[in-house]
Amino acid sequence: MNFFINVTLNGISSGMIFAAMALALVLIYRATRIVNFAQGAMGMFTSFVAYSLLQQKVGYWEAFAAALAIGMVLGVVVERIFIRPLHGKAELNPVIVTIGLLIVFEGIAGTIWGSTNRGFSPPFSQTGLRVGRTSIAFSHFDLFIVASVIILMAVMLVLFRFTRAGLRMRAAAFAPETARLLGVRVGRVLTLGWALAAVAGSLAGLLVAPTTAFGPLYMDFYLVYGFTAAVVGGLDSPVGALVGGLITGLGVSYVGGYLGSSLEPLGALALLMVVLMARPEGIFARTAARRV
Amino acid sequence: MKQATDITVPSQQRRAKRRSLKAVVAVAAISLIAAACSSSPSSSSSTTAAPASTPGVTSSSITLGATVPLTGPAASGYDEIAPAMNAVFAWKNAHGGVYGRKINYIYYDDAYNPASTATQTRKLVLQDNIFATVGSLGTPTQTAVQGYLNSLKIPQMFIESGCNCWSDPKYPYSSGWEPPYSVEGKILGYYIKNHFAGKKIGYFTQNDEFGQDVVKGLDMEIPSSDVVSRQTYDPTSLLSGPPANQMAALKAAGAQVVVFATIPAATSLAIGAAEGLNWSPQYVVDSVGADSPTVGPLLSIIGKGKGLTANTALNGTIFDDYIPPEAETSNAWVQVEAKLLKDYAPATYNKYGLDGNTEYGIALAYTFVQALEAAGPHLTRQGLLDAIARDGKNFITPGLVPLSYSSTVHFGYEGAQVFQYEASAPQITVPSGSWIGGKAVSPVYTTSPGAGPVNVYSGTPPPPPASLVNSA
Amino acid sequence: MPKIPRPPKWFHLPRQPLVRHLILAIVAAGGFYLLTNDILSTYNTVLVGEIAFYAIALGGLSILTGANGQISFGHGALMAVGAYTAALLMVHTHFNLVLELLIAIGAAAIAGVIVGIPATRLKGPYLAGMTLILAVGLPLLGNQYGSVFNGDQGLVTTPPSPPGSVNPELWLTWIEILGALVIMVLLANLMKSRFGRMFRAVRDDEVAASLAGIHVARTKVIAFAVSAGCAGLAGAFLALSSGVVSSGEFPLSLSIEILAGMVLGGAGTLVGAWWGGIALVFFPQWASSISKAAGLGTGGNAYLGTIIFGAVLVLVMMLAPSGIQGGFRRVGSFADRRLFRPRGGDVTKSLQTGSE
């Protein structure tokens, strides 16, 4: 029973990180209809910048803020230089460009910081909390993960629902031509979408870094599971990203805990197939009319 | 996803033209392959054109090759070994080489992917015209080229892996160097049996040949009724989170002693995950994943609280080693190894210092230099094999036990010593920080990889020869 | 901009597709024979063999993505199916090589059907997500069921023994080239056949295709099976070339490189598959010689190859959106239009390919 609880808690904390990655992917998908495969590598890169700052004895929160800010700039730069020129061209091209960027980012990080795994100091303790007499697999840092992802979700929700920029973003995502005719500067809105997504991706990178062997490749699998989560939840739905992340995190944790770690990705695949067979566009898909 | 190319229907005439264009492009493609191939630096046969009949050997040089992971998930730590080996070869070259021949060591990245190992090994053989491979890393990677190298009678020397498979009579040109994993497993199991009798034992091992062979050795010594849980992990799964569930299962099973057969990253993440459960069992770690300068930096992830640091988390951890741990700075071997690395691979020394990986590389390369010397001035591939089989037992190396090489035994050491990390021991200071050092807690043991007793080794390891100490 | 001279009349190939493709294949085979037997060093011959089997995988994926409009991030996993099938046959029974290769193709095609059936219901990015996790998960079965697949050490394959005094490396390269050319002829004919038209019809408009009497789901599954069969053969050749089949040979990066190489060469074109194969095989080689020439040594710059590959990928996608082969075609048709004739097809093109 205790084991089950711990496996569940492990699933929740990794699920929240998957959710942050999924949210980043969803924001970009909503804005520009492409899946950003460089998302994890961008988060890796900004986390390495934060790591270098931490090495220079900069405080954690300053480094944290700097990574998010640099992430945002990186998102804008990538959208402007690499994605905008491909707007309206074949759908696959920008996706391949993001794959190219993923490879370049990892290569540059490997050149600058080397292949050696490092430890990224967390802001809070990772030793388990005690509930009564038993200790559980949930630490202050896990609480920080859950809280920061929920805050991120809430900020995004407020932004979309209650601000003009959010309204413009939704308009530009769902009906770009109409939005353009109504005076929305669609290009600027798309850039904003990438910027916000890059912040979410950087946050995911910062949340993963202290839990793993921190090196140039540490975000690869988080991208894969984040993508799985986004697909499970529905690529258009930020709420779906959160739910998809939790479902994926729990599913992977149960498979790993009870069946074996080699089967984790296939467990995620089974989960994804079951969901997609019932709902081909994810749990929170809008019931879209068939395009003719 | 839609492609624009086939949409407009071309006229009859344009279609004909496109057809001929296709032929032109096909021819162009082939000629480009030719151009592409010739633009890469082609075979170095011109540079090694010498009367010597043995490939890779001239009157003034010996060309050696290796494939190692320099990129990819296995690169961490293991990318230090080949540069460290090169320090020994550079030292030897600076002192006249081996019978006047300078060693030229070429190593390529295979990213720990056997398909890439196959390609890069062919590059070493066919293009770089090597005499032998030395210090190529990995069990799956070197399994891929074992048949190839043996069929060409190219020595596949001192493979960086403790698989028993290098001592297979089917493959006489292959040879390991470090102890077989099952030898280390047996020695750790023997120690556990004698010091933790009646305790509940748990295993946490890598789901591959390395982990399975260590478990084989452990199981020969530890009564199976004492083993309460056997957890494994897949190396790739470390990329999607720490092995928290495995540690939770070991804790739930009540394990008091946890044996690791892990790579360093897994050791760190698993200890971190156990701290996440507020659980600190007695750890017993195979040498592969025990090096504190390699494991320590990742352990800083435990973070604040309880005053935990990497060094306090590792304090008390038991591990084995077959060369003197780098913490023993009074050991003459450790001193000379550090000096070699500092003087002949300064970039590597400044980046990593003498840690478990660089020490391993130096010890291995120093062993190989002796093998080359034993093979005499008329160097041939068969001569090298014969020399190792004949004289290998007498090579003077940093090893705690003598080498076991013979015509049938193709792995280096069949022994190890058990150590324990202790706060009071001298620390290991490398560029990444000061890390906890170990103290010997057992005599040196020897044992065979298969069934057979664990014996106390009564000899004393030889000090480094004066020729090395004075010239390094 | 260089002008491509108009070829003389006799250079025109016959119109009948099979004859035409066979002639091209035979010419190519002759070219490859000269190249591998007389021109190239043995090591570069080995690389040509690798190009050939990458071209098979890329060609198959090119049909799936370029002609049928389905994306796959999972072709590395399908290669693993072919490779493990071939290796299991070699370890346990060892009969005829051709038969083993055919069974490998069949096994991968069946896997393709299994992936293809759920894929029929999924839109692009959802299919991408499903195949991506497949690429990660499937090869790990090799570790999970070690008694069958021998875990990370893998199954040792036996390279075909050459007749007479032929160099074994050259012999394997020839087999791989022959396999690649046979596949190219088959795929080229497929694309000119009813199936090819069905593939494209489904890609362009599923509703219109089904109104025209095409069974959309079946067509998509067939495309997936064909493509997977190609990946299976490529995997079996990879197994022969590398001498062992183990889970570490099919990392996520393999699947991604195959997709990237296919698009780089030119989606939907078979010649593009060869360009992609050249890029995948030679970029790492060039990178290491560049770094050697630049005096960077072999160790410190191990990431240069990946950086170059990524940068080329980005540049080609931005400068020649339909890949290398598309770029050549553009140059060709540009020259063809005597440089200044106004373009006619642009309007229809932008109407049909414009994103939603």
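Cut-offs applied
Residues numbered from 1 in each chain as written. Chains lettered and ligands numbered in written order. Predicted model: local features only at pLDDT ≥ 70, side-chain atom pairs only at ≥ 80, totals over all residues. Heavy atoms only, no water. Contact = heavy atoms within 4.5 Å. Buried area = accessible area lost by both parts, 1.4 Å probe. Salt bridge = Lys/Arg side-chain N within 4 Å of Asp/Glu carboxyl O. Polar contact = N/O pair within 3.5 Å; in protein donor to acceptor, adjacent residues only side chain to side chain. Helix = DSSP H or I, 4+ residues; strand = E, 2+ residues; numbered from the N terminus. Expected span 1.5 Å × (residues − 1). Buried < 20%, exposed > 50% of the residue type's maximum accessible area, 1.4 Å probe, protein only. Pairing = 2+ DSSP bridges. Axes fitted to C-alpha atoms, helices over the stretch in contact; angles between N-to-C directions.

Chemist: Explain the interface of chain B and chain A to me, using residue names and the numbers behind them.
Modeler: Taken together, the contact between chain B and chain A spans 44 residues of the former and 41 residues of the latter. With both sides pooled, the region where chain B packs onto chain A buries about 3100 Å², and carbon together with sulfur makes up 52% of that total. Our enumeration of links across chain B and chain A arrives at zero salt bridges. On inspection of chain B and its partner chain A, the count reaches 13 residue pairs in polar contact (both at pLDDT 80 or more). Elements with a minimum of two residues in the side of chain B that touches chain A: α2 (75–78), β7 (227–233), α8 (244–252), α9 (264–276) and α10 (292–299) of chain B. Ranked by residue count, the leading element in the side of chain B that touches chain A is α8(B), at seven residues.

Chemist: Tell me what's going on with helix α1 (residues 2–32) of chain A, and back it up with residues and numbers.
Modeler: All names here are of chain A. The end-to-end C-alpha distance of α1, which contains 31 residues, comes to 45 Å, matching closely the 45 Å that a straight helix rising 1.5 Å per residue would cover. By the criterion of burial, α1 is predominantly enclosed, with 27 of the 31 residues buried. Once α1 ends, the next one or two residues include Arg33, with phi positive near 60°.

Chemist: Which residues make up the sheet that holds strand β5 (residues 174–176) of chain B, and what values do they have?
Modeler: Hydrogen bonds between backbone groups are what pair the strands of a sheet, and the pairing can be parallel or antiparallel. Residue and element names in this part refer to chain B. Taken in spatial order, the five strands make up an open sheet running β2-β1-β3-β4-β5, and their pairing is parallel. Each having just a single partner strand, β2 (102–109) and β5 make up the two edges of the open sheet. In this sheet, neighbouring strand axes are inclined to one another by 25° on average, regardless of whether the strands run parallel or antiparallel. As judged from the two bridges shared by strand β4 (residues 156–159) and β5, these two strands associate in the parallel manner. Looking across to β5, one finds that Ile159 is bridged to Gly176. Lying over the sheet, helix α3 (residues 81–94) contacts β1 (61–68), β2 and β3 (132–134), oriented at roughly 165° with respect to β2.

Chemist: I'd like a description of the pattern of salt bridges, backed by residues and values.
Modeler: As enumerated under the stated definition, the model contains 13 salt bridges over all chains in all. The residue Arg33(A) makes a salt bridge to Asp236(A) at a minimum N-O spacing of 2.7 Å. Here Arg33(A) is found in the loop between α1 and α2 (39–55), whereas its partner Asp236(A) is found in the loop between α9 (220–233) and α10 (238–258), with 203 residues between them in sequence. Exposure remark for Asp236(A): the relative accessible area of 15% places this residue in the buried category. The partner of Glu422(B) in a salt bridge is Lys439(B), with the nearest N and O atoms 3.7 Å apart. With Glu422(B) in strand β11 (residues 415–422) and Lys439(B) in strand β14 (residues 437–446), this pair connects stretches of sequence that are 17 residues apart. For Glu422(B), a relative accessible area of 25% gives the class partly exposed.

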